Amino acid sequence: MTDGMLPDFLDDDAVTAWTASGAPLVDLLRQAHTPGRLTGFRRGGRAAVLVTEPRHVHQVLGVGGDRYVKRSHRARPLLGDGMLTATGEAWRSQRKLLQAMFTGRGIQRWEHHIAGAAACVVDRWAERARRGAPTDIAEDVQFFTVDTIWRSLTDRPLDRETYVDLAAVQDIVAALPADVGGSAALPPEVESAIAALDERILRALADARVRHRKDGAGAGSREPGVIRTAGVGREPGVGREPGPSVLDRLLDAAATDPAYTDRLIRDELVTLLVAGYESSARTLTWAFVLLDAHPEVMERASGDASAVEAVLSETLRLYPTGWLLPRHSPADETLDGWAIPAGTDLLVCPYLTHRDPEVWPEPEAFDPGRFPARSPLPPGAYLPFGIGPRACLGTRFAMREMEVLLGALLSRFTVETTGPVGEPVFGINLRPAGPLHARVRERT
């Protein structure tokens, strides 16, 4: 019986030794982890409970989404009051505004942007293959995902100068603490990168506002299917207007809702930029790491859309970008009979949940054959994009862009890495360290 009992806490000496070692947070979580049980540790006088059991994950993020909240957000210095960091009524209002653009049929409006960005990478790889020159897959897929989200935000393809400013987000994200108990101080160079990013975003906002006024009104006044003549830089053959850009929608909102100041629009754009490229770029990089080690899977996925989807699903199981989802209990709660005192932090860890041998036999093995699952998974057992009311709004967007690019590249090229693969880095996101150099060849 666990009714009213506190979770088992790691010995304080073990926490002290971990702190002194400078090891990543995931090492402490592995020490604290006991499958099937709630466990935790104390740091700096604060209690943190590790949540990995699928039914506990479901209770915290799913049915308990209103009781277990975000105490603060590790990325607030970067994201401000955007949708990821907002809470309460502000969050509900912001999510409602953008939800239709990223769910259901709304995802179709981005197909031409995804296709245009993917074509750029395919052309780049074709040129590298002709010259026999190596490429950096991590850089290539990052450019693709930044390009895709930038087109979706602004209705403009990405130029190299803009990319340099936007790609600095990865250095900012890498400097953020892995959990809410980490250091909040940012290095001066990161502060400078945020300032450069702000300048780029606000410049795009100013340009968009001019076009917005020139077009006469917002999204509601445009007739579907009409070519917008102000679309400088639009690719040949891409003329039909499937819907307003995200920035257009935000400017429409600003016309009627005083909450949408330039600062909030900036925060929403940066939030969507980070969420829209970081997870997809890291997942695509991990996918190529895994495929390089399993060439037979790479061959099966060539030209097979369902196999590509399975590869991505299994990659997200092994390397969920959002590997740690902190929550906070502002009031006394009971979780599956265990007492959760007010003020307790809860660390939901998809990385460990996805390695539960009761759900995933041979959990460390890369096996895309697990997907689609032959029987329904337990609620809370698989959450690469979170679950519950705060699940990622852009899940379908992310999956679609990854499927398009990975499918296009695998159907046309063979890939062989030419250097060592970096170790996993468990920061605010889970990413491979360093570049991923490879040689690509056209299939014959």
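Here the structure is shown first, and the text comes after it.
It should be emphasised that the depicted structure is a prediction, and the values quoted were computed from it without experimental measurement.

The rules behind these values
- Residues numbered from 1 in each chain as written.
- Predicted model: local features only at pLDDT ≥ 70, side-chain atom pairs only at ≥ 80, totals over all residues.
- Heavy atoms only, no water.
- Pairing = 2+ DSSP bridges.
- Helix = DSSP H or I, 4+ residues; strand = E, 2+ residues; numbered from the N terminus.
- Buried < 20%, exposed > 50% of the residue type's maximum accessible area, 1.4 Å probe, protein only.
- Contact = heavy atoms within 4.5 Å.
- Polar contact = N/O pair within 3.5 Å; in protein donor to acceptor, adjacent residues only side chain to side chain.
- Expected span 1.5 Å × (residues − 1).
- Bend = angle between axes of the 7 residues up to and from the residue.
- 1 Å grid on protein atoms, 1.4 Å probe; cavity = no way out; pocket = protein on both sides within 12 Å on 5 of 7 lines; lining within 4 Å.
- Points joined across faces, edges and corners; volume = space filled by probe spheres on them.
- Nonpolar A, V, L, I, M, F, W, Y, C, P; charged D, E, K, R; others polar.
- Salt bridge = Lys/Arg side-chain N within 4 Å of Asp/Glu carboxyl O.
- Phe/Tyr/Trp six-rings, centres within 6.5 Å; stacked < 30°, edge-to-face > 60°.

A. Layout of the sheet that holds strand β2 (residues 39-43). Taken together, five strands build an open sheet; the order of strands is β1-β2-β3-β8-β5 and the sheet is mixed. Strands at the two margins of the open sheet, each flanked by one partner only, are β1 (8-9) and β5 (325-329). Strand direction decides the pairing type here: β1 and β2, joined by two bridges, are parallel. In the sheet register, F9 faces β2, and the bridge partner there is G40.

B. Looking closely at the environment of E401. Residue position: E401 is located in helix α16 (residues 395-412). Under the relative-accessibility criterion, E401 is labelled buried at 0%. In contact with E401, not counting residues within four places along its chain, are I114, F144, T145, T148, G276 and S280. Among the polar contacts listed, one links the side chain of E401 to the side chain of S280, at a separation of 2.7 Å.

C. Structural context of helix α5 (residues 88-102). An ideal rise of 1.5 Å per residue puts 21 Å on 15 residues; α5 measures up with 21 Å between its terminal C-alpha atoms. Of all bends in α5, the biggest is about 35 degrees, found at K96. Along α5, the residues classified as buried are W91, Q94, R95, L98, M101 and F102. In the core, the buried residues of α5 are packed alongside α11 (246-256), α12 (262-293) and α16.

D. Fine view of empty space enclosed by the protein. Evaluated as defined, the whole model comprises six cavities of 30 Å³ or more. Of all elements in the fold, only α4 (76-79), α5, α12, β5 and α16 reach the threshold of two or more residues within the lining of the largest cavity. Top contributing element to the lining of the largest cavity by residue count: α12, with eight residues. Taken together, the residues that form the lining of the largest cavity break down as 28 nonpolar, eleven polar and six charged.

E. Spatial organisation of the pairing of strand β8 (residues 344-348). The buried count for β8 comes to five of five residues, which makes it a mostly enclosed element. Sheet topology note: the strand β3 (residues 46-51)/β8 ladder contains four bridges and is parallel. The residue bridging V49 from the neighbouring strand is L346, located in β8. As judged from the five bridges shared by β5 and β8, these two strands associate in the antiparallel manner. For P326, the partnering residue across the bridge sits in β8 and is L347.

F. View of the pattern of salt bridges. According to the stated counting rule, one finds 28 salt bridges in the structure shown. Between E199 and R203 there is a salt bridge, with the nearest N and O atoms lying 3.4 Å from each other. You can see E199 and its partner R203 sitting in helix α10 (residues 188-214), four residues apart, about one turn around the helix. In this structure R203 comes out as partly exposed when scored by relative accessible area, which is 35%.

G. Broad picture of the packing of aromatic side chains. Evaluation of the coordinates by the stated rule reveals eleven aromatic pairs. An angle of 70 degrees between the planes, with centres 5.8 Å apart, marks the rings of F102 and F397 as edge-to-face. With a gap of 295 residues between them, F102 in helix α5 and F397 in helix α16 connect regions that are remote in the sequence. When sorted by exposure, F102 lands in the same class as F397, which is buried. In textbook terms, an aromatic cluster arises when at least three aromatic residues are bridged by ring pairs, as seen for F102, W110 and F397.

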